[in-house]
Amino acid sequence: MSDMNNAAPSYRRANPYRLEAFMPGTIQEICVKAGDKVKKGQKVLVLDAMKMDNELLAPVDGVVKAVCVEAGTSIPKSALLMEFAPEGE
């Protein structure tokens with residue numbers, strides 16, 4: 001499995017509180033729900049892309065504000081997958 005924290009240097013998040021798809025694929029597993037506390041680097045979602053399961057990790061410490069996809073959904077590149085908020089917001 002791969003993760004986006006070890007992605008090529010050309011991949012940069014414009015907003016660290018938004019998790020977007022780095023390539024098109026299918027959502028295999030959602031590991032958290034809205035309201036859950038997460039730590040930076042925690043697995044939050046598994047995206048199947050090019051026949052590889054890619055673990056997507058929380059980009060920040062905080063709370064899951066919204067899960068914007070469902071398991072089994074095909075998504076395009078740059079699709080918004082999750083939004084996070086600082087804890088206490």
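You'll find the structure just up there.
The rules behind these values
Residues numbered from 1 in each chain as written. Predicted model: local features only at pLDDT ≥ 70, side-chain atom pairs only at ≥ 80, totals over all residues. Heavy atoms only, no water. Helix = DSSP H or I, 4+ residues; strand = E, 2+ residues; numbered from the N terminus. Salt bridge = Lys/Arg side-chain N within 4 Å of Asp/Glu carboxyl O. Buried < 20%, exposed > 50% of the residue type's maximum accessible area, 1.4 Å probe, protein only. Contact = heavy atoms within 4.5 Å. Pairing = 2+ DSSP bridges.

1. A word on unusual backbone geometry
The residue Met-50 is not glycine, and still its phi comes out positive at about 55°. Residue placement: Met-50 occurs in the loop between strand S5 (43-49) and strand S6 (52-57). The phi dihedral of Ser-78 falls on the positive side, at around 75°, and the residue is not glycine. By secondary structure assignment, the location of Ser-78 is in the loop between strand S8 (74-75) and strand S9 (80-85).

2. Digging into the pattern of salt bridges
Per the counting criterion, the structure on display carries five salt bridges. The partner of Arg-18 in a salt bridge is Glu-20, with the nearest N and O atoms 3.4 Å apart. With a relative accessible area of 28%, Glu-20 lands in the partly exposed category. Glu-55 serves as the salt-bridge partner of Lys-43, at 3.8 Å between the closest nitrogen and oxygen. On the criterion of sequence distance, the pair formed by Lys-43 in strand S5 and Glu-55 in strand S6 is long-range, its members being twelve residues apart. On the basis of relative accessible area, Lys-43 is assigned to the partly exposed category, the value being 31%.

3. Quick word on the environment of Gln-42
Structurally, Gln-42 is set in the loop between strand S4 (37-38) and S5. Sequence separation between Gln-42 and Glu-55 is 13 residues, and the spatial gap between their C-alpha atoms is 9.4 Å. When sequence neighbours within four positions are dropped, the list of residues in contact with Gln-42 reads Val-32, Lys-37, Leu-56, Leu-57 and Ala-58.

4. Details of the sheet that holds strand S2 (residues 18-20)
Strands sit in the order S2-S9-S7-S4 across an open sheet of four strands; the sheet is antiparallel. This sheet does not close on itself; its edge strands, each paired only once, are S2 and S4. In the sheet, strand S7 (residues 62-67) pairs with S9 via four bridges, with the strands oriented antiparallel. Bridging across to S9, Val-64 finds its partner in Phe-84.

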